[in-house]
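Here are the chains, one letter per residue:
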Amino acid sequence: MNEWIYYCNYEIDLKVIENFDLTKDIIKSNVIRQWVNQKLPDDQYSIENAIFIKNSIKWPLIIDPQNQALNWIKEMEGNALKIYK
């Protein structure tokens, strides 16, 4: 891993942060708290997936057997959300 970081930083001039944390470096903690208040589960996996969902360009595929993401999206979007089956 250290060789790869050195290669990126010094040989191809691609800056790599060694202690990168997706939840701390991409999004603010108050946004995560807002999501949790909107029924998003408060675990690392759910929060990282929510970051990918919110920052994706196209519609993401969500595999949601427990309907946790569905409940979060319904709460987040409110009456603006239209669901078709």
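As a reminder, the structure under discussion sits directly above these lines.
Reading guide: rules and limits
Residues numbered from 1 in each chain as written. Predicted model: local features only at pLDDT ≥ 70, side-chain atom pairs only at ≥ 80, totals over all residues. Heavy atoms only, no water. Buried < 20%, exposed > 50% of the residue type's maximum accessible area, 1.4 Å probe, protein only. Helix = DSSP H or I, 4+ residues; strand = E, 2+ residues; numbered from the N terminus. Arc of directions from axis to C-beta. Contact = heavy atoms within 4.5 Å. 1 Å grid on protein atoms, 1.4 Å probe; cavity = no way out; pocket = protein on both sides within 12 Å on 5 of 7 lines; lining within 4 Å. Points joined across faces, edges and corners; volume = space filled by probe spheres on them. Nonpolar A, V, L, I, M, F, W, Y, C, P; charged D, E, K, R; others polar. Salt bridge = Lys/Arg side-chain N within 4 Å of Asp/Glu carboxyl O.

Asker: Hey, could you run me through helix α5 (residues 68-77) in this one?
Answerer: Of all the positions in α5, only A69, W72 and M76 are classed as buried. Down the axis of α5, the sector holding all buried residues measures 60°, keeping them to one side. Buried positions along α5 lie against α3 (29-37) and α4 (44-55). After α5 finishes, the residue G78 shows a positive phi value of roughly 65°.

Asker: For this particular structure, what's the right way to read the layout of surface pockets?
Answerer: Gaps left between atoms are located by rolling a probe of water-molecule size over the structure's atoms. Put simply, the largest pocket is a space of about 340 Å³. Every residue lining the largest pocket is counted, 19 residues in all, and those nearest its centre are N49, I62, I63, D64 and A69. Looking at the lining of the largest pocket, the elements with two or more residues in it are α4 and α5. Counting residues per element, the lining of the largest pocket draws most heavily on α4, which supplies six residues. When the residues that make up the lining of the largest pocket are grouped by side-chain class, the tally is 13 nonpolar, five polar and one charged.

Asker: Is there a simple way to think about the pattern of salt bridges in this case?
Answerer: A side chain of one charge can pair with a side chain of the opposite charge if their charged atoms are brought near each other. Tallied over the full model, the rule gives three salt bridges. Between D13 and K15 there is a salt bridge, with its nearest N and O atoms 3.2 Å apart. Both residues of the pair, D13 and K15, count as exposed. Across the pair E75 and K39 runs a salt bridge, and its minimum N-O distance is 3.8 Å. Taken together, the residues span a long stretch of sequence, with E75 in helix α5 and K39 in the loop between α3 and α4 at a distance of 36 residues.

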